[in-house]
Amino acid sequence: MESVSGLGPKMLADVKPPFIPEGASGMTVLVEWPPGDPGTPPHRHSGPCFGYVIEGAVRWELEGEAEHVIKAGETFWEPGGDVIHYQNGNASSDAPAKYIVFMMCAPGQPMLTLVDDEELEERAHLRAPRPTD
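If you're wondering where the values come from, they're calculated on a predicted model, not measured in any experiment.

Parameters at a glance
- Residues numbered from 1 in each chain as written.
- Predicted model: local features only at pLDDT ≥ 70, side-chain atom pairs only at ≥ 80, totals over all residues.
- Heavy atoms only, no water.
- Salt bridge = Lys/Arg side-chain N within 4 Å of Asp/Glu carboxyl O.
- Helix = DSSP H or I, 4+ residues; strand = E, 2+ residues; numbered from the N terminus.
- Buried < 20%, exposed > 50% of the residue type's maximum accessible area, 1.4 Å probe, protein only.
- 1 Å grid on protein atoms, 1.4 Å probe; cavity = no way out; pocket = protein on both sides within 12 Å on 5 of 7 lines; lining within 4 Å.
- Points joined across faces, edges and corners; volume = space filled by probe spheres on them.
- Nonpolar A, V, L, I, M, F, W, Y, C, P; charged D, E, K, R; others polar.

A. Focus on the pattern of salt bridges. Counting across every chain of the model gives eleven salt bridges. Across the pair R44 and E119 runs a salt bridge whose closest N-O atoms are separated by 2.7 Å. Taken as a pair, R44 in strand β2 (residues 43-44) and E119 in helix α1 (residues 117-122) lie far apart in primary sequence, 75 residues in all. Under the relative-accessibility criterion, E119 is labelled buried at 19%. In this structure, a network of salt bridges that share partners links the residues R44, E63, D82, E119 and R123.

B. Examining the layout of surface pockets more closely. By volume, the largest pocket amounts to about 160 Å³. As for the largest pocket, its lining consists of 17 residues, of which V31, H45, N88, Y99 and V101 are closest to the centre. At the level of secondary structure, the elements contributing two or more residues to the lining of the largest pocket comprise β1 (25-33), β6 (75-78) and β8 (97-105). The class makeup of the residues in the lining of the largest pocket is eleven nonpolar, five polar and one charged.

Okay, structure coming up:
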């Protein structure tokens, strides 16, 4: 895929999602967080999501994975389905963050569903250890 001159297409991510919901539709969303914004509360998506950070840095945490920061020019993906997405907010307190995400949505289901406190407590054993400050 890489061109001889170094210009043109460049592979940023190559992942195999665990499933694509039958009859799924695709949705592309631009997400912009001001400095320090914590992002969306814990949630899940009905299908897989693929994204690219355009500007700034995003604090990212999926169930079972350690919290980490994705910087401008880097990609991310999440499997969707039952997996909880804990964090997607701005990792910087003094600069905005912006990313584009393409989501595969299961028919008749919302693109995003918030997870309630009771479920978070029930699934706490699936969350990666939290960083210590």
